[in-house]
Amino acid sequence: MKYSSTRGNVSGKGFVETLLMGLADDGGLLIPEEIPVVSDATLDQWSGLSYEALFLEIFSLYINDEIPQDDLKELVANSYSRFRHPEITPLKPIHDQLYVLELFHGPTFAFKDVALQFLGELYSYVAKKYNETIHILGATSGDTGAAAIEGVRGKEGIRICILHPHQKVSLVQERQMTTVEDENVLNLSVKGNFDDCQGLIKELFADLSFKEKHHLRAVNSINFVRILAQSVYYFYAYLQIRAKTKAAKVNFSVPSGNFGNIFSGYLAKQMGLPINKLIIATNENNILEQFVRTGVYKSGEFKSTHSPSMDIQVASNFERYLYYLLDRDTAKVASYMKQFQSTGQIQIDEQLLAVVQSDFAAFGVKNDACLQAIGNYQFEYDYLLDPHTACGISSYESYTEQSGDDQTVCVAFATAHPAKFDEAIRLLDIKQELPVEIASLLTKEQHQVVIDNAKQEIVQQLEEFYGRE
Ligand SMILES: *Cc1c(COP(=O)(O)O)cnc(C)c1O
């Protein structure tokens, strides 16, 4: 298996090189040159495997023996040893047509742990085995930062710097990131929004001499390894539903921001997983909904919502999908992305739009509809949704209504534990007991540096942090 860039000027990279490169050196995103297809017979064989065993099967198709099987097995076992549930991502039935896949049983109570606990272990392994310096740099809307820090804190040979938008992440998110005592962690709180942070990071990664000099590594979902790790639970959920209900196909409803999680689903589908529709659930930052409805991809005005981890206007993984949509024509991808950079907009023709609409449905969920879903499901099913998950559930309902299909089973992802976003839950006068890991955060000391939204300030901080002996 080799990896190449969506923009055509990087190719033939191995798995470890792909991990380390993060953003491709030509500014594109790395993708496998060939997507391995899994037969129905293989799916049958995989049925009943544990989460860890399934993970090994899927990764074995992508890593070319660059990591010996025994080592990989140990990495996977370590990655999921800190999850609070033996099934890692348990599937909960809500009613006959709807299941919730709980992705929040990792250390930071959001789905990012599923991939980032593994990525942390893998970076640590590569640091030791290849004697690589690993300086992680990332931007977060809240959850990636916490999960990435939790994945690598205290690990030898690794330093991590995370940018988050100042006062635009939830209280728990901020505390999870900033109350960590380990010397290898730096939190920069940027006076701006998430897109500003992500833009700064992209700029730094695009500066190849800076990237090389400081050994910059990515944890954002531009990193293909993270995408692949997230595809595992699509298989895991589907196989359980197939065993239980004999369903031929399922839908997935995915709370979306950077198009990372949903792209993992698209990858799973390309690998042969029988997915009917991928439902993109966004909040009032609904650039993806607009795209699926009209074929115009255009960022709008940034809005703060109850689901801050989805307060994103520029979805960095969108380019990966564009690559497949444009039939792997890298020159076209590069030209579309250039156009987006200069005009802030991409438009596809009707023929392509029809393809998009066959893969996806998309709904931008308003703040009040989000809260309403939380209230309804608590009342009707005694199941408490976090606001991101609620956007997914609300989108599932809209999809059912719009398509008239109330037969196909839908798996809605619970991307965060409700305790993580208690600010929104409290608006409904619902009282929840906070898990001790979260409650105890509120009394710890915080470590962060507040800076202006200016590249120079960040460069200065990084020179000092990564240069430290
Ligand atoms: C990050 C995040 C999302 C969005 O995921 P993407 O991969 O960026 O689309 C949704 N919900 C929660 C709770 C998150 O942390």
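Whatever comes next refers back to the structure up there.
Attention in this report is confined to the structure presented alongside it. (Residues numbered from 1 in each chain as written. Predicted model: local features only at pLDDT ≥ 70, side-chain atom pairs only at ≥ 80, totals over all residues. Heavy atoms only, no water.)

1. Details of the overall build of the protein
What the protein contains, in helices and strands, is 20 helices and 15 strands. Along the first, second and third principal axes, the C-alpha set of the protein runs to 60 × 50 × 50 Å. Evaluated residue by residue, the protein yields a buried proportion of 61% over its 469 residues. Relative to all contacts within the protein whose residues are 6 or more apart in sequence, the contacts with residues 24 or more apart total 77%. Surface summary for the protein: the accessible area is close to 17,900 Å², and the carbon and sulfur share equals 45%. Where the 41 positive side-chain charges of the protein centre and where its 61 negative ones centre are 2 Å apart. (Helix = DSSP H or I, 4+ residues; strand = E, 2+ residues; numbered from the N terminus. Buried < 20%, exposed > 50% of the residue type's maximum accessible area, 1.4 Å probe, protein only. Contact = heavy atoms within 4.5 Å. Areas by Shrake-Rupley, 256 points an atom, 1.4 Å probe, with all protein chains shown as cover. Lys, Arg positive; Asp, Glu negative; His and termini not counted. Charge placed at Lys NZ, Arg CZ, Asp CG, Glu CD.)

2. A closer look at the pairing of strand E6 (residues 158–165)
For E6, the buried fraction is high: seven of the eight residues fall into the buried class. This β-α-β element, strand E5 (residues 134–139) to helix H6 (residues 143–152) to E6, shows right-handed connectivity. Judged from the six bridges that link them, E6 and strand E7 (residues 185–191) form a sheet pairing that is parallel. Counted as the bridge partner of histidine 164 is serine 189 from E7. Each parallel crossover has a hand, and for E6 linked through helix H7 (residues 171–178) to E7 it is right-handed. (Right-handed = clockwise from strand over helix to strand, strands pointing away. Pairing = 2+ DSSP bridges.)

3. Concerning the pattern of salt bridges
Counted according to the given criterion, the structure contains 19 salt bridges. Taking the shortest distance from any N to any O, the salt bridge between glutamate 132 and arginine 217 comes out at 2.9 Å. Taken as a pair, glutamate 132 in the loop between helix H5 (112–129) and E5 and arginine 217 in strand E8 (residues 216–218) lie far apart in primary sequence, 85 residues in all. Residue arginine 217 is classed as buried on the basis of its relative accessible area of 9%. With a closest N to O distance of 3.2 Å, aspartate 182 and arginine 153 form a salt bridge. Of the two residues, aspartate 182 sits in the loop between H7 and E7 while arginine 153 sits in the loop between H6 and E6, which places them 29 residues apart along the sequence. The network of salt bridges with common partners includes Arg82, Glu150, Arg153 and Asp182. (Salt bridge = Lys/Arg side-chain N within 4 Å of Asp/Glu carboxyl O.)

4. A short note on the side chain of serine 5
Mapped onto the elements of the fold, serine 5 is located in strand E1 (residues 3–5). We classify serine 5 as buried; its relative accessible area is 2%. Excluding residues that lie within four positions of it along the chain, serine 5 makes contacts with Val10, Ala24, Asp26, Gly28, Leu29, Leu30, Ile31 and Thr330.

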